[in-house]
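What follows is the residue order along each chain.
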Amino acid sequence: MTSPAVLPKISGAEALCLLQAGKAVRGYRVVGSLNFHEDDPAHPVLLEQCWDENLKAVHLSFKSPVRLANCHFVRRDFSFAYFLQGLTIENCAFENYLNFQSGGHNQPGFLLHLLRNTFHGFVNFFDCWYRAAVQIEHNDFLGQTNLLSFSANYMAFDVVPHIQHNTGELHRTDEGIA
């Protein structure tokens with residue numbers, strides 16, 4: 001990942017305008033908050049090679065694919081977010097707590113894929129429901145996660161997930177500390 005100091009800056013509002021116009025946000029340092037609103041998730045979301053300070057997508061249903069690749073995120077919240085046409089997060093780093101709580105809901109035929117990411121803070125999957133394929137591979141959960149806590153109210157999979165070659169404590173039975 002490129003140092004944030006050498007990336008051109010763009011505000012969260014400007015990044016959102018690009019995404020709403022159907023364009024990728026590529027090679028920027030996104031400063032301030034990139035806050036998705038109820039109407040925004042109708043377009044594909046593609047962030048690549050970015051440094052993002054604060055992305056917030058809470059209580060939303062993304063109706064198009066979401067892809068985050070080769071990015072660094074300081075703060076991020078996906079609680080109650082549904083990824084109806086899938087979510088791919090690849091080669092990204094997350095500095096702090098990442099909340100997927102009460103979300104997921106990928107529709108049949110659309111993959112949730114987490115590949116080669118580093119999570120420095122706790123990753124919360126409490127009460128997530130995945131209706132289609134899930135692949136979580138080669139990630140470093142340095143801040144721990146409840147990913148493999150299949151007890152009541154943790155996670156539900158309609159399709160057997162493909163979870164392998166991850167490191168860190170994956171069996172926490174709580175929601176971590178935000």
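Residues numbered from 1 in each chain as written. Predicted model: local features only at pLDDT ≥ 70, side-chain atom pairs only at ≥ 80, totals over all residues. Heavy atoms only, no water.

S.K.: Just checking my understanding: could you explain the side chain of Asn-99 for this structure?
M.R.: Summarising the element assignment, Asn-99 is placed in strand β12 (residues 98–99). Take Asn-99: its relative accessible area is 11%, and that puts it in the buried class. Within the structure, the side chain of Asn-99 is placed 3.0 Å from the backbone nitrogen of Gln-101, a separation counted as a polar contact. Within the structure, Asn-99 has its side chain in polar contact with the side chain of Asn-124 (distance 3.3 Å). (Helix = DSSP H or I, 4+ residues; strand = E, 2+ residues; numbered from the N terminus. Buried < 20%, exposed > 50% of the residue type's maximum accessible area, 1.4 Å probe, protein only. Polar contact = N/O pair within 3.5 Å; in protein donor to acceptor, adjacent residues only side chain to side chain.)

S.K.: Explanation requested: the nonpolar core in the structure shown.
M.R.: Across soluble globular proteins, nonpolar side chains show a tendency to be buried alongside one another. Grouped together as the largest cluster of nonpolar side chains are 42 residues, with contacts concentrated most on Phe-36, Leu-47, Phe-62, Phe-78, Phe-100 and Phe-125. The element best represented in this core is helix α1 (residues 12–20), accounting for 3 residues. Sequence-distant contacts of Phe-100, that is, excluding residues within four places in its chain, are made with Phe-78, Ser-79, Phe-83, Leu-87, Ile-89, Val-123, Asn-124, Phe-125 and Cys-128. (Core = buried A, V, L, I, M, F, W, Y, C linked by side-chain atoms within 4.5 Å. Contact = heavy atoms within 4.5 Å.)

S.K.: It is not clear to me how the packing of aromatic side chains should be interpreted in this structure. Could you clarify?
M.R.: The description of an aromatic ring pair rests on the distance of the ring centres and on the angle between the ring planes. Scanning the entire structure with this criterion turns up 10 aromatic pairs. Ring geometry for Phe-73 against Phe-94: centres 5.1 Å apart, planes inclined by 20°, an arrangement best described as stacked. In this pair, Phe-73 is assigned in strand β8 (residues 72–77) and Phe-94 in strand β11 (residues 93–94), connecting sequence segments 21 residues apart. Residue classification places Phe-94 among the buried positions, given a relative accessible area of 2%. Judged by centre distance (4.9 Å) and plane angle (15°), the ring pair of Phe-119 and Phe-141 falls under stacked. Note that Phe-119 is positioned in strand β14 (residues 118–119) and Phe-141 in strand β18 (residues 140–141), a separation of 22 residues in sequence. The same class applies to Phe-119 and to Phe-141, which are both buried. (Phe/Tyr/Trp six-rings, centres within 6.5 Å; stacked < 30°, edge-to-face > 60°.)

S.K.: Quick question: what am I supposed to make of the pairing of strand β7 (residues 66–69) here?
M.R.: The side chains of a regular strand alternate between the sheet's two faces. In the sheet, strand β4 (residues 45–48) pairs with β7 via 4 bridges, with the strands oriented parallel. The residue bridging Val-45 from the neighbouring strand is Val-66, located in β7. The sheet contact formed by β7 and strand β10 (residues 87–90) spans 4 bridges and is parallel. Across the sheet, the residue bridging to Arg-67 is Thr-88, located in β10. (Pairing = 2+ DSSP bridges.)

S.K.: Would you mind showing me how to read the pattern of salt bridges here?
M.R.: Opposite charge on two side chains makes pairing possible when the charged atoms of those side chains draw close. Inspection of every chain in the model, using the stated rule, returns 5 salt bridges. Here Arg-116 makes a salt bridge to Glu-90, at a shortest N to O gap of 3.0 Å. In this pair, Arg-116 is assigned in the loop between β13 (112–115) and β14 and Glu-90 in strand β10, connecting sequence segments 26 residues apart. Judged by its relative accessible area of 17%, Glu-90 is buried. Ionic pairing is found between Arg-172 and Asp-174, a salt bridge with its closest N-O pair at 2.8 Å. The network of salt bridges with common partners includes Arg-67, Glu-90 and Arg-116. (Salt bridge = Lys/Arg side-chain N within 4 Å of Asp/Glu carboxyl O.)

S.K.: Is there a simple way to explain the sheet that holds β10 in this structure?
M.R.: Sheets are built from strands paired through backbone hydrogen bonds, the pairs being either parallel or antiparallel. Pairing is parallel across the open sheet formed by 7 strands, whose spatial order is β2-β4-β7-β10-β13-β17-β20. Both outer strands of the open sheet, β2 (25–26) and β20 (162–164), are each paired with one neighbouring strand and no more. Two strands pair when backbone bridges link them, and β2 and β4 are joined in this way by 2 bridges, in the parallel orientation. Following the sheet pairing, Arg-26 is matched in β4 by Glu-48.

S.K.: How should the state of the cysteines be read in this particular structure?
M.R.: Two cysteines joined by a covalent bond between their sulfur atoms form a disulfide. Applying the stated criterion to the full structure yields 0 disulfides. Cys-50 takes part in no disulfide bond, and the closest cysteine sulfur, belonging to Cys-71, lies 4.8 Å away. Cys-50 gets classed as buried once you look at its relative accessible area, which sits at 0%. With no disulfide of its own, Cys-128 lies 18 Å from the sulfur of Cys-92, the closest cysteine sulfur. (Disulfide = S-S within 2.5 Å.)

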